[in-house]
4 protein chains.
Amino acid sequence: MSWNTFGRIFRFTTWGESHGPALGVVVDGCPPGLALAEADIQPFLDARKPGQNRYTTQRREADEVQILSGVFEGKTTGTPISLMIANTDQRSKDYADVAKAYRPGHADYAYDAKYGFRDYRGGGRSSARETAARVAAGAIARLVIPEVAITGYVEAIGGDAIDPARFDAGAIRNNPFWCPDADAAVRWEALVDAARKAGSSLGAVVGCRATGVPAGWGAPLYAKLDAELAAAMMSINAVKGVEIGDGFAAAANSGEDNADAMRPDGAGGVRFAANHAGGIAGGISTGQPVTCRVAFKPTSSILTPVETIDREGNAAEIVTKGRHDPCVGIRGTPVVEAMMALVLADQKLLHHAQCG
Amino acid sequence: MSWNTFGRIFRFTTWGESHGPALGVVVDGCPPGLALAEADIQPFLDARKPGQNRYTTQRREADEVQILSGVFEGKTTGTPISLMIANTDQRSKDYADVAKAYRPGHADYAYDAKYGFRDYRGGGRSSARETAARVAAGAIARLVIPEVAITGYVEAIGGDAIDPARFDAGAIRNNPFWCPDADAAVRWEALVDAARKAGSSLGAVVGCRATGVPAGWGAPLYAKLDAELAAAMMSINAVKGVEIGDGFAAAANSGEDNADAMRPDGAGGVRFAANHAGGIAGGISTGQPVTCRVAFKPTSSILTPVETIDREGNAAEIVTKGRHDPCVGIRGTPVVEAMMALVLADQKLLHHAQCG
Amino acid sequence: MSWNTFGRIFRFTTWGESHGPALGVVVDGCPPGLALAEADIQPFLDARKPGQNRYTTQRREADEVQILSGVFEGKTTGTPISLMIANTDQRSKDYADVAKAYRPGHADYAYDAKYGFRDYRGGGRSSARETAARVAAGAIARLVIPEVAITGYVEAIGGDAIDPARFDAGAIRNNPFWCPDADAAVRWEALVDAARKAGSSLGAVVGCRATGVPAGWGAPLYAKLDAELAAAMMSINAVKGVEIGDGFAAAANSGEDNADAMRPDGAGGVRFAANHAGGIAGGISTGQPVTCRVAFKPTSSILTPVETIDREGNAAEIVTKGRHDPCVGIRGTPVVEAMMALVLADQKLLHHAQCG
Amino acid sequence: MSWNTFGRIFRFTTWGESHGPALGVVVDGCPPGLALAEADIQPFLDARKPGQNRYTTQRREADEVQILSGVFEGKTTGTPISLMIANTDQRSKDYADVAKAYRPGHADYAYDAKYGFRDYRGGGRSSARETAARVAAGAIARLVIPEVAITGYVEAIGGDAIDPARFDAGAIRNNPFWCPDADAAVRWEALVDAARKAGSSLGAVVGCRATGVPAGWGAPLYAKLDAELAAAMMSINAVKGVEIGDGFAAAANSGEDNADAMRPDGAGGVRFAANHAGGIAGGISTGQPVTCRVAFKPTSSILTPVETIDREGNAAEIVTKGRHDPCVGIRGTPVVEAMMALVLADQKLLHHAQCG
């Protein structure tokens with residue numbers, strides 16, 4: 001099956017392959033009357049864009065977004081917003097080997113098993129290039145939730161983690177790694193460089209925090225805020241794990257230490273003593289920051305030959321040439337932010353649908 | 001919003017509160033002609049049932065399931081299957097305190113923030129008692145995927161993990177903890193007993209493995225097999241993290257070490273050298289075992305007083321009396337298995353819908 | 001496939017067979033805080049209930065509804081509302097013939113073709129008895145749209161139509177036919193009596209009007225208000241046609257005569273000179289009464305022998321004994337009203353989800 | 001709310017306005033491996049295309065379709081198929097009056113009531129131009145159901161109906177009206193010409209028949225084949241009524257006359273004596289031709305001044321200039337065919353999802 005729509009009220013449908021003429025997204029259910037122009041979307045695409053420094057793939061894509069519908073005189077009309085991004089820097093010849101044999105860790109074998117054949121150029125539909133469409137949709141989602149601020153950052157690369165005590169939100173944009181710890185960013189330069197030169201790759205952990213989410217968003221039991229976030233994040237290429245709040249660390253904790261005690265905040269509201277829960281209880285936001293962590297595996301596109309089979313089932317070896325990210329988690333950070341925005345926008349509208 | 005349906009083809013809708021007359025589930029989209037009787041469902045409910053040993057809550061529920069529709073002459077008809085489970089052991093008086101003040105870590109505050117008020121008896125709709133309905137639905141899902149065997153187990157309690165080298169599937173049913181490591185099970189007796197006596201609680205990590213899943217199940221990009229599993233697991237009460245395959249460990253790995261090399265198996269198929277990916281690539285099953293790990297937080301129902309606020313916003317303290325699980329992950333294990341079965345059944349039907 | 005859920009925000013899922021222990025419905029997405037008790041639902045079930053006069057089937061069902069979840073201290077909680085209605089007057093022995101041969105015009109043959117076999121007792125899932133669940137759900141839907149008044153009525157039986165000039169809403173409840181024309185009601189007594197005595201059956205046209213619907217409800221393009229109404233009405237047993245506003249008569253009209261001219265109403269709003277459109281333009285309500293007409297075929301349950309085939313494909317004859325409605329459109333009227341309420345409640349919530 | 005996706009397995013999402021740069025559709029869930037090129041779609045767009053004769057609007061659009069994704073080496077890949085059609089012949093200046101005042105019968109007033117403002121150029125999103133996207137998607141749907149042949153035709157224009165005894169499928173393509181009765185086609189020339197010259201408009205009834213549909217398609221109870229068809233047809237611009245089989249005529253019939261008696265066909269199958277039911281019983285296909293009738297109102301775009309109000313609520317008069325169809329039902333015929341194909345393709349996949 002193919003299922004390329006996400007969301008329940010604020011829904012988006014993506015389309016496009018890595019080496020087709022274009023890719024795009026249709027955003028449906030967006031409230032009317034929001035000011036929207038390409039300039040509101042482009043900066044987010046630019047943040048995700050490849051080829052910006054030596055730590056990401058050297059494929060060069062302008063990633064210029066075009067609004068084809070749903071906006072009139074600068075405002076959303078409430079009808080579907082169609083966005084398109086042309087593919088401009090394709091080198092399909094890089095993929096001759098991929099056509100013949102399966103790249104372990106990639107979707108090649110699974111797509112063939114499912115559909116009988118596949119568009120092998122750059123991974124076709126399974127390419128992380130699709131995430132450009134998510135980022136574009138996410139930019140619109142942000143307009144739906146102006147009360148929310150979303151911050152994504154890289155917590156660890158190749159097992160080398162930031163020092164939480166040195167977390168500095170202001171540092172995130174000052175290095176090529178979305179790293180909130182300036183020291184770690186320096187270390188990662190060498191780390192990622194070495195991997196790139198070796199034709200190797202590194203995994204990463206990406207964190208994301210949304211502040212300003214009011215208490216009450218979430219649709220229990222099967223569209224819980226955390227369950228939707230888990231699906232959203234796990235649907236990103238190369239993601240293998242999702243945590244809300246303390247995540248797996250909570251599993252090693254006691255009930256006493258894991259409690260987020262509550263106190264009156266003196267202004268008619270509540271102040272929480274901690275946020276082990278990541279801002280979500282019973283699948284509903286509590287008014288605390290919504291926090292999650294996402295594990296990106298190292299990309300399987302490496303220069304070291306890997307044993308595999310070809311389409312006929314014969315033993316083969318494959319080396320994944322081409323222009324690849326040594327650490328996909330870096331460029332995954334704007335994607336994580338986008339998915340956070342998309343889930344929150346949808347949950348906001350869902351909440352108001354039922355609860356006024 | 002309230003969203004109590006899960007699945008796309010094989011869909012189930014649960015209803016019911018902890019202290020209402022009953023809870024239940026409607027399973028829609030089940031293929032016709034499957035042999036089904038209460039006896040096919042009851043063993044799974046019995047496995048989850050409370051009050052079976054001193055390591056779980058002492059609430060005693062028969063959890064007897066009744067089939068109300070969708071079965072004729074012992075076979076599913078293809079029409080909705082309605083299952084009901086009566087609530088029999090309720091002590092609403094235990095919840096007087098809960099009516100007044102919010103239990104930190106529970107859904108109390110969030111439900112009030114969302115809906116304006118809540119059924120506070122036993123957590124109402126947010127009670128883990130709802131998972132009985134999932135387990136019942138999961139028993140039907142298993143009939144849809146007879147080619148698949150699902151094994152859930154507890155990997156760690158309160159931070160004390162099993163030794164992977166001692167993993168023995170045969171041991172899982174021989175101790176009250178679903179523990180595959182007989183030594184760990186002995187340690188956990190003392191650990192959980194101590195927590196229970198102290199009125200404390202412990203988190204847990206539950207693993208789950210499905211063998212027999214053929215290559216090709218999964219609906220990219222927004223109903224990927226791993227994304228659906230992530231949503232399914234994260235929707236379980238107390239779950240804060242989900243990993244597929246190596247999960248967060250993959251984030252610390254290199255591309256070389258993370259590759260699941262492939263070789264011909266000599267019988268026209270493929271043999272994988274490893275399963276870092278947890279049997280899923282590009283959101284589609286690879287034919288390897290599908291594996292995941294799920295983090296359960298320690299329940300917030302503890303005897304230690306916790307600071308909180310009452311419904312009027314005043315400072316308060318709360319002690320969660322009643323009969324609670326010292327480690328909800330234990331009874332969560334059959335629930336994890338059920339959700340695995342429910343996702344796989346749905347994905348199997350989705351796959352055949354499009355790909356024949 | 002089996003698809004027993006209707007609606008997008010205010011969703012209901014029905015289950016149950018004619019001769020099972022019970023039937024029911026789960027209503028999900030209902031706003032919280034609405035006063036709800038069985039007494040709010042029962043009158044609508046009583047209006048649909050069989051056996052009330054000699055013009056409907058003599059099967060006697062109490063059709064007592066029981067609320068199993070979703071209500072706490074007399075108010076909806078925002079969580080799923082489970083309703084159950086026990087089946088009490090079943091005579092499965094009436095259906096021995098039906099087990100063997102197909103009743104032309106009934107779902108027997110189609111269900112066997114689809115599912116391989118069927119629950120033949122009283123039509124099983126295809127029985128109009130399922131509509132009791134819709135009526136129960138519809139009663140809750142009405143609480144969501146207190147601004148709307150819905151009036152259903154029978155416009156014609158067996159081709160004998162009311163005189164529109166004699167339409168008297170006050171008459172509808174004063175005869176056993178939901179007839180707004182007292183004269184026609186008298187004629188229909190003889191007409192339906194004759195059909196009943198002859199073991200024959202009659203078709204009917206049911207009209208329905210909803211007043212108080214504000215302008216702006218409807219979800220273009222694929223959940224247009226009229227499209228949703230069409231689906232809702234056509235899903236009722238025995239319905240073969242649906243018209244909005246002038247319906248097929250509009251197809252014989254000119255643009256000039258079909259225009260619903262608009263004038264200021266003197267109070268800041270609009271007054272329409274006519275309502276050919278049935279209160280819907282572009283799939284969105286205009287503020288005028290929403291009107292539709294629904295065609296019910298004569299039931300295929302007749303005493304005249306009809307040529308058919310048996311399950312083995314041999315020629316057979318069948319006479320549908322049992323206790324049947326001579327004109328299903330009569331008891332269909334409360335069902336039409338319920339479906340109108342269910343669609344409008346859903347559209348109201350959908351509208352507010354996007355447009356605030 | 002905005003809801004621009006139709007279908008459950010074979011789903012399509014349309015976007016675009018009459019006077020934007022383009023319109024399009026994303027088709028998701030299409031089976032892989034089907035041969036598909038623009039040339040498979042273009043003829044259906046050409047059949048619907050405006051400006052082909054003097055009986056339709058003189059707006060001239062090439063309506064050239066471009067496939068942007070989902071096809072590789074001439075075959076569908078199973079991933080989303082994105083189709084785009086550029087708008088080339090726009091005259092936005094025609095719409096100055098429309099910006100100020102509401103055209104009665106059009107969506108103008110309702111869109112403003114819903115969204116607060118609207119794209120008034122050519123009706124924006126409410127323009128029948130959107131149906132080009134449906135027709136394109138319908139061409140793909142046909143590839144999914146090669147066993148089915150679909151024939152749409154106009155049965156009546158302005159109340160002047162064909163003679164059923166003169167029905168000649170071969171005639172349909174030989175006149176500009178999709179008319180199966182050559183005599184009626186001659187009469188309609190004068191009729192439509194007169195309306196066009198007078199700046200008036202005419203309604204129409206369109207029939208559609210699908211042969212080759214096997215018994216068993218349909219998803220009871222809330223995605224019944226007839227209910228899906230009703231929604232699909234009613235969602236087409238200007239449609240006000242839908243009938244399945246005999247439709248409203250059945251409501252005037254007796255059970256005896258309405259029965260579709262069954263006989264063995266001598267080849268292990270069944271032969272029906274009649275098809276009052278339109279090939280659907282209990283919401284499931286019976287193997288007979290699936291037939292429906294659809295009522296199109298006369299377009300509200302007429303040269304006769306109509307009373308209306310402006311955006312400020314003041315009395316106004318409006319004359320709808322521009323280039324309009326004197327009878328939208330004519331060009332609606334390929335759209336009706338497309339919707340029939342789209343529903344059947346979806347139902348085929350749904351059937352196989354559950355029933356193998």
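From a predicted model like this one, the values you see are computed outputs, not experimental measurements.

J.: Please explain the overall build of chain A as it appears in this structure.
T.: Within chain A one finds eight helices and 18 strands. Counting only C-alpha atoms and orienting by the principal axes, one finds that chain A spans roughly 65 × 50 × 35 Å. Within chain A, the proportion of its 356 residues that are buried is 68%. If you take every contact in chain A between residues at least 6 apart in sequence, the share linking residues at least 24 apart comes to 71%. Carbon and sulfur atoms form 51% of the exposed surface of chain A, whose accessible area is close to 10400 Å². Measuring between centres, the 36 positive side-chain charges of chain A sit 3 Å from its 40 negative side-chain charges.

J.: Looking at this structure, I do not really get the sheet that holds strand β10 (residues 204-211) of chain A. What am I missing?
T.: Backbone-to-backbone hydrogen bonds join strands into a sheet, with any given pair of strands oriented parallel or antiparallel. Reading across the sheet, the 10 strands line up as β9(A)-β8(A)-β10(A)-β16(A)-β11(A)-β11(B)-β16(B)-β10(B)-β8(B)-β9(B) and stay open at both edges, with antiparallel pairing between neighbours. Looking at the sheet topology across the chains shown, the edges are occupied by β9 (160-161) of chain A together with β9 (160-161) of chain B. Of the pairings in the sheet, the one linking strand β11 (residues 239-244) of chain B to strand β16 (residues 290-296) of chain B comprises five bridges and is antiparallel in character. Bridging from a neighbouring strand, Val-242 of chain B pairs with Val-294 of chain B of β16 of chain B. Where helix α6 (residues 225-234) of chain B meets the sheet, its contacts fall on β11 (239-244) of chain A together with β11 and β16 of chain B, and the angle it forms with β11 of chain B comes to roughly 160°.

J.: How should the pattern of salt bridges be read in this particular structure?
T.: For side chains of opposite charge, pairing can occur when their charged atoms come near one another. Applying the stated criterion across every chain yields a total of 92 salt bridges over all chains. Residue Asp-325 of chain B is joined to Arg-331 of chain B by a salt bridge in which the shortest nitrogen-to-oxygen separation is 2.7 Å. As far as burial versus exposure is concerned, Asp-325 of chain B and Arg-331 of chain B are alike and both buried. Note that Glu-155 of chain D and Arg-293 of chain D form a salt bridge whose closest N and O atoms lie 2.8 Å from each other. Within this pair, whereas Glu-155 of chain D is found in strand β8 (residues 149-157), its partner Arg-293 of chain D is found in strand β16 (residues 290-296), the two being separated by 138 residues in sequence.

J.: How should I be thinking about the interface of chain B and chain D in this particular structure?
T.: How big an interface is tends to be expressed through the accessible area that disappears when the partners come together. The interface of chain B with chain D comprises 11 residues on the first partner and 11 residues on the second. In total, chain B and chain D occlude about 810 Å² of area from one another, counting both sides; carbon and sulfur atoms represent 61% of this. Counting the surface chain B buries against chain D, the share from its top three residues, Ile-9, Ala-353 and Gln-354 of chain B, is 59%. Put simply, chain B and chain D have zero salt bridges between them. Across the chain B-chain D interface, the total number found is four residue pairs in polar contact (both at pLDDT 80 or more). The class makeup of the residues in the side of chain B that touches chain D is eight nonpolar, three polar and no charged.

J.: Please clarify how the relation of the copies chain A and chain B should be interpreted in this entry.
T.: Each of the two chain copies goes to the other by way of a rotation about an axis and a shift along it. Once chain A is rotated about the relating axis by 180° and shifted along it by 0.0 Å, it coincides with chain B to within an RMSD of 0.0 Å. The two molecules are tied by a two-fold rotation axis, judged by turn and shift. Same-surface contact between copies: 100% of interface residues of chain A are shared with the interface of chain B.

J.: Even after reading the chapter, I still don't get the interface of chain A and chain B, so can you show me in this structure?
T.: The interface of chain A with chain B comprises 104 residues on the first partner and 104 residues on the second. When the two sides are added together, the surface that chain A and chain B hide from each other amounts to roughly 7900 Å², 64% of it contributed by carbon and sulfur. One can count two salt bridges joining chain A with chain B. When the shortest N-O distance is used, the salt bridge between Arg-263 of chain B and Glu-307 of chain A registers 3.5 Å. Viewed at the interface, chain B and chain A are joined by 47 residue pairs in polar contact (both at pLDDT 80 or more). Tallied by class, the residues present in the side of chain A that touches chain B amount to 56 nonpolar, 33 polar and 15 charged.

J.: Mind showing me how you'd approach the state of the cysteines here?
T.: Any covalent bond linking the sulfur atoms of two cysteines counts as a disulfide. The final tally for this structure, using the stated rule, is zero disulfides over all chains. You can see Cys-355 of chain A has no disulfide; the closest cysteine sulfur is in Cys-30 of chain C, sitting 10 Å from it. As a non-bridged cysteine, Cys-208 of chain C has Cys-292 of chain C as the owner of its nearest cysteine sulfur, 5.2 Å distant. Take Cys-208 of chain C: its relative accessible area is 0%, and that puts it in the buried class.

J.: What am I meant to see in the packing of helix α4 (residues 131-144) of chain B against helix α8 (residues 328-355) of chain B here?
T.: Helix-helix packing is characterised by the crossing angle of the two axes and by the distance between the axes. Residues and elements named next belong to chain B. α8 packs onto α4 with a crossing angle of 45° between their chain directions and a minimal axis gap of 8 Å. The angle between α4 and α8 places the two elements in the oblique class. Between α4 and α8 the crossing geometry is left-handed. Of α8, the residues touching α4 (which contributes Thr-131, Arg-134, Val-135, Ala-137, Gly-138, Ala-141, Arg-142 and Val-144) are Pro-334, Val-335, Glu-337, Ala-338, Met-339, Ala-341, Leu-342, Ala-345, Lys-348 and Leu-349. In the contact of α4 with α8, the residues fall into 12 nonpolar, two polar and four charged.

J.: Help me out: how do you make sense of the packing of α6 of chain B against α8 of chain B in this one?
T.: All names here are of chain B. In contact at an axis separation of 9 Å, α6 and α8 are set at 145° when each is read in the N-to-C sense. The chirality of how α6 crosses α8 is right-handed. Between α6 and α8, the contacting residues are Leu-225, Glu-228, Leu-229, Ala-232 and Met-233 on the first element and Val-336, Met-339, Met-340, Val-343, Leu-344, Asp-346 and Gln-347 on the second. Counted by class, the contact of α6 with α8 contains nine nonpolar, one polar and two charged residues.

J.: Help me understand the UniProt feature "binding site: FMN" (unreviewed entry) in chain A in this model?
T.: Per the UniProt record, "binding site: FMN" (unreviewed entry) is found at Arg-125, Ser-126, Ser-127, Asn-237, Ala-238, Gly-282, Lys-297, Pro-298, Thr-299, Ser-300, Ser-301 and Arg-323 of chain A. These residues run over 199 residues, and the two farthest C-alpha atoms among them are 43.6 Å apart, placing them at more than one spot. Position of Ala-238 of chain A among the secondary structure elements: in the loop between α6 (225-234) and β11. Those residues in contact with Ala-238 of chain A that lie beyond four places of it in its chain are Ala-295, Phe-296, Lys-297 and Val-328 of chain A. Among the structural elements, Thr-299 of chain A can be located in the loop between β16 (290-296) and β17 (306-309). Dropping the residues within four chain positions of it, Thr-299 of chain A is found in contact with His-106, Ser-201, Asp-325 and Val-328 of chain A together with Gly-255 of chain B.

J.: Explain the environment of Arg-311 of chain C to me, please; I cannot follow it from the model alone.
T.: All names here are of chain C. Relative to the elements of secondary structure, Arg-311 occurs in the loop between β17 (306-309) and β18 (315-318). Residue Arg-311 is classed as partly exposed on the basis of its relative accessible area of 38%. With sequence-adjacent residues up to four places away left out, Arg-311 is seen in contact with Ala-99, Lys-100, Tyr-102, Asp-112, Gly-116, Phe-117 and Arg-118. A polar contact of 3.0 Å, which involves the side chain of Arg-311, links it to the backbone oxygen of Gly-116.

J.: Help me understand the environment of Leu-143 of chain C, please; the structure alone is not making it clear to me.
T.: Residues and elements named next belong to chain C. Checked against the element boundaries, Leu-143 lands in helix α4 (residues 131-144). With relative accessibility at 27%, the residue Leu-143 sits in the partly exposed group. Through-space distance from the C-alpha of Leu-143 to that of Leu-344 is 11 Å; in sequence the pair is 201 residues apart. Discounting chain neighbours no more than four positions away, the residues touching Leu-143 are Leu-34, Ala-35 and Leu-36.

J.: What is the right way to read the relation of the copies chain B and chain D from this model?
T.: Superposing chain B onto chain D requires a rotation of 180° together with a translation of 0.0 Å along the rotation axis, leaving an RMSD of 0.0 Å. A shared interface surface links the copies, since 100% of the contact residues of chain B are contact residues in chain D too.

J.: Help me understand the pairing of β17 of chain A in this model?
T.: Residue and element names in this part refer to chain A. Two elements, β17 and strand β18 (residues 315-318), share four bridges in a ladder whose sense is antiparallel. Residue pairing for β18: Glu-307 is matched across the bridge by Glu-317. Hairpin geometry of β17 and β18 is characterised by an intervening segment of five residues between the two adjacent antiparallel strands and by a positive phi of about 95° at Gly-313.

J.: Just checking my understanding: could you explain the UniProt feature "binding site: NADP(+)" (unreviewed entry) in chain A for this structure?
T.: All names here are of chain A. Summarizing the sequence annotation, UniProt attributes the feature "binding site: NADP(+)" (unreviewed entry) to Arg-48 and Arg-54 in the numbering used throughout. Here Arg-48 lies in helix α1 (residues 38-48). Tracing the chain through its elements places Arg-54 in the loop between α1 and β4 (65-67). Look at Arg-54 and you get partly exposed, because its relative accessible area is 41%. Arg-54 has contacts with Asp-193 and Arg-196, leaving out every residue within four places of it along the chain. Of the polar contacts made by the side chain of Arg-54, one reaches the side chain of Asp-193; its length is 2.9 Å.

Conventions used here
- Residues numbered from 1 in each chain as written.
- Chains lettered and ligands numbered in written order.
- Predicted model: local features only at pLDDT ≥ 70, side-chain atom pairs only at ≥ 80, totals over all residues.
- Heavy atoms only, no water.
- Helix = DSSP H or I, 4+ residues; strand = E, 2+ residues; numbered from the N terminus.
- Buried < 20%, exposed > 50% of the residue type's maximum accessible area, 1.4 Å probe, protein only.
- Contact = heavy atoms within 4.5 Å.
- Areas by Shrake-Rupley, 256 points an atom, 1.4 Å probe, with all protein chains shown as cover.
- Lys, Arg positive; Asp, Glu negative; His and termini not counted.
- Charge placed at Lys NZ, Arg CZ, Asp CG, Glu CD.
- Pairing = 2+ DSSP bridges.
- Axes fitted to C-alpha atoms, helices over the stretch in contact; angles between N-to-C directions.
- Salt bridge = Lys/Arg side-chain N within 4 Å of Asp/Glu carboxyl O.
- Buried area = accessible area lost by both parts, 1.4 Å probe.
- Polar contact = N/O pair within 3.5 Å; in protein donor to acceptor, adjacent residues only side chain to side chain.
- Nonpolar A, V, L, I, M, F, W, Y, C, P; charged D, E, K, R; others polar.
- Least-squares fit on C-alpha atoms with pLDDT ≥ 70 in both.
- Disulfide = S-S within 2.5 Å.
- Parallel < 35°, antiparallel > 145°, perpendicular 65-115°, else oblique.
- Left-handed = near helix turned anticlockwise from the far one by under 90°.
- UniProt positions renumbered as here; feature names shortened; annotations may be inferred.

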